[in-house]
Amino acid sequence: MDYSTQLLMALPELVLAAGAIVLMLVSAWGGQASTKLVSWAAVAVLLGAGIALAGPASAGGTAFDGLYRADMFAAFAKVLIFGASAVAILIAPRFFQRTSGDDLRPEYPVLILLSATGMGMMVSAGDMMSLYVGLELQSLAAYVLASFMRRDTRSAEAGLKYFVLGALASGILLYGISLVYGFSGTTLFGGIAEAYAGPRSIGLLVGLVFVFAGIAFKISAVPFHMWTPDVYEGAPTPVTTFFASAPKVAALALAVRAAVEAMGPAIHDWRQIVIFAALASILLGAVAAIGQSNVKRLLAYSSINNVGFALVGLAAGTAQGVAGVLVYLAIYVVMTLGSFLVVLQMRGADGQPVESIASLAGMSRTRPLLALALAMFMFSLAGIPPLFGFYAKFAVFEAAVEAGLFPLAVVGIAASTIGAYYYLRIVKTMYFDEPAAAFEGRTDAVEGGLIAAAAVFVSPLGYLLIPFLGGWAMLAAKALF
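Rules of the game
Residues numbered from 1 in each chain as written. Predicted model: local features only at pLDDT ≥ 70, side-chain atom pairs only at ≥ 80, totals over all residues. Heavy atoms only, no water. UniProt positions renumbered as here; feature names shortened; annotations may be inferred. Helix = DSSP H or I, 4+ residues; strand = E, 2+ residues; numbered from the N terminus. Expected span 1.5 Å × (residues − 1). Buried < 20%, exposed > 50% of the residue type's maximum accessible area, 1.4 Å probe, protein only. Arc of directions from axis to C-beta. Contact = heavy atoms within 4.5 Å. Phe/Tyr/Trp six-rings, centres within 6.5 Å; stacked < 30°, edge-to-face > 60°. Lys NZ or Arg CZ within 6 Å of the ring centre and 35° of its normal. Axes fitted to C-alpha atoms, helices over the stretch in contact; angles between N-to-C directions. Parallel < 35°, antiparallel > 145°, perpendicular 65-115°, else oblique. Left-handed = near helix turned anticlockwise from the far one by under 90°. Nonpolar A, V, L, I, M, F, W, Y, C, P; charged D, E, K, R; others polar. Core = buried A, V, L, I, M, F, W, Y, C linked by side-chain atoms within 4.5 Å.

- Under an unreviewed UniProt entry, the name given to the chain is NADH-quinone oxidoreductase subunit N, and the organism recorded is Sphingomonas hengshuiensis.
- The annotation that UniProt attaches to the chain under Catalytic activity (unreviewed entry) is "a quinone + NADH + 5 H(+)(in) = a quinol + NAD(+) + 4 H(+)(out)".
- Comment text from UniProt for the chain, heading Sequence similarities (unreviewed entry), reads "Belongs to the complex I subunit 2 family."

### Some points on helix α22 (residues 466–478)
- Under the 1.5 Å per step criterion, the end-to-end length of α22 is 18 Å for 13 residues, consistent within 8% with the ideal 18 Å.
- Within α22 the residues assigned to the buried category are Leu 469, Ala 473, Ala 476 and Ala 477. For α22, the buried positions fall inside an angular range of 100° around the axis, keeping them on one side. Across from the buried face of α22, at angles greater than 90 degrees, the exposed residues are Pro 467, Phe 468, Leu 475 and Lys 478.
- Considering only its buried residues, α22 is in contact with α4 (72–90) and α16 (319–344).

### Structural notes on the packing of aromatic side chains
- For the structure shown, the criterion picks out 25 aromatic pairs.
- Residues Phe 390 and Phe 394 carry aromatic rings whose centres are separated by 6.4 Å and whose planes lie at 25° to one another, so their mutual orientation is stacked. Of this pair, Phe 390 and Phe 394 are both found in helix α19 (residues 389–402), four residues apart, which corresponds to roughly one turn of the helix.
- Residue Phe 394 is classed as partly exposed on the basis of its relative accessible area, which comes to 40%.
- Chaining the aromatic ring pairs together yields one cluster made of Tyr 143, Tyr 162, Phe 163, Phe 217, Trp 227, Tyr 232, Phe 242 and Phe 243.
- Stacked on the ring of Phe 148, the Lys or Arg Arg 105 has its end atom at 4.5 Å from the ring centre.
- Taking NZ or CZ as reference, Lys 393 lies 4.5 Å from the ring centre of Phe 309, over its face.

### Regarding the packing of α16 against α22
- Direction vectors running N to C along α16 and α22 enclose 130°, while the axes themselves pass 8 Å from each other. Accordingly, the angle class assigned to the pair α16 and α22 is oblique. α16 and α22 meet at a crossing whose hand is right-handed. The segment α16 lies against α22, with Ala 319, Gln 320, Val 322, Ala 323, Leu 326, Val 327, Ala 330 and Ile 331 engaging Leu 469, Gly 470, Ala 473, Met 474, Ala 476, Ala 477 and Lys 478.
- A class-by-class count of the residues in the contact of α16 with α22 yields 12 nonpolar, two polar and one charged.

### Considering the nonpolar core
- Grouped together as the largest cluster of nonpolar side chains are 176 residues, with contacts concentrated most on Tyr 108, Phe 243, Met 263, Trp 270 and Leu 311.
- Per element, the largest residue contribution to this core is 19 residues, and it comes from α16.
- Apart from residues no more than four positions distant in its own chain, Tyr 108 is found in contact with Ala 88, Ile 89, Ala 92, Phe 96, Leu 145, Phe 148, Pro 238 and Val 239.
- If you look at the next biggest cluster of nonpolar residues, it comprises five residues, including Met 9, Ala 10, Ala 63 and Ala 70.

### So, the packing of α19 against helix α20 (residues 406–432)
- Axis separation between α19 and α20 bottoms out at 7 Å; the angle between their running directions is 155°. As judged from the angle between their axes, α19 and α20 are roughly antiparallel. Judged by the twist between their axes, the crossing of α19 over α20 is left-handed. Residue-level inspection shows Lys 393, Phe 397, Ala 400 and Val 401 of α19 in contact with α20, the latter providing Phe 406, Ala 409, Gly 412, Ile 413 and Ser 416.
- Here the residues of the contact of α19 with α20 are counted per class, giving six nonpolar, two polar and one charged.

Right, here's the structure in full:
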């Protein structure tokens, strides 16, 4: 295969990397005044990267001697990643201007682009080295984003915690990769799969455990979830919105590709790890959220809970299970973005963000449309029909049952009823509690439009997308098998 064709396969990442470098220079020369230009240009770059997926980048095969995979699976994940990244850029300027009194600095969209470049590499990795490089590029940008509000102690603390624990997770992952390489003799996913298909090796098994432990941190699965509530609460809300969507998709897609392509023959070994992480995440995410009073911390535990449900599909280890994970991620991203967009509208009389659940009291009377949208997102996250979130859970549990994991499905379904409690508590607070002080300000046109679009998506109208979404997810899943 000639070199130009291989470059076309990696065109989305090339567009993002080139765009980030150019916009970094623009921001350096233009200073604070260039923020608006850089932000809209970054959104255009993400759109361009998405358009680039229409060519060889979605069905080109393997490039750069197996280091990079351009297939439908990667394309599906990248559409979600680029879309969520664009939303994180669009919602940032108004938040920073009203919260800190300073306009958004142009470094923010550049960091989002660099993070998106790393995430693109993560989901297209065909080798442990390209996997790690992509993961670190995403993480390094994320550490800076978490502490982006330099004068805010909570933001600084969030960035420090994320960095320290992220470095620990990277070390665990690297140790696992070194063991896998040492006992298989290669870092390519195809060669690693051949090694796992051969005679059992304790070294390979230990390497598998450490690799999955490192990835579990990135998806905030129990027991490597401890950073999530603190980082989500402390980081600026647009950054938290980004963390809860795009990197989550990238890390879960990475976990799926590594499990199926690199370690597929060892399914009976990694399935035990995935089942434990799935059930533990579902249970802890549900139980720990009950006592939360901060809405961002509650949504952090909600994300842990949702990761558990997505892992149920991975535990199936089938094409149907992988398709279920992708469908779940697509619906989860919209529900999460919608929820955080509503949180962005929560501001007190002084214009500063309000994050307590108690402040939502009586919102159905002061901001009825906003309350309706949040209620829809909460019911959908809980998986209550007829909202579209129900189909997300149905897809992964159906795959688990088809794979013979009936006990896992039963326990997961039973545990989902616990999670419904804290979602319903928010709805009860909005509609039945005595009104608190009304939120100040009006919803921005861009944010209002995004909230409306997300609410329509999670409504019963979303079921009209099942033939398209399910068919595309199945095509993407079959690319791994």
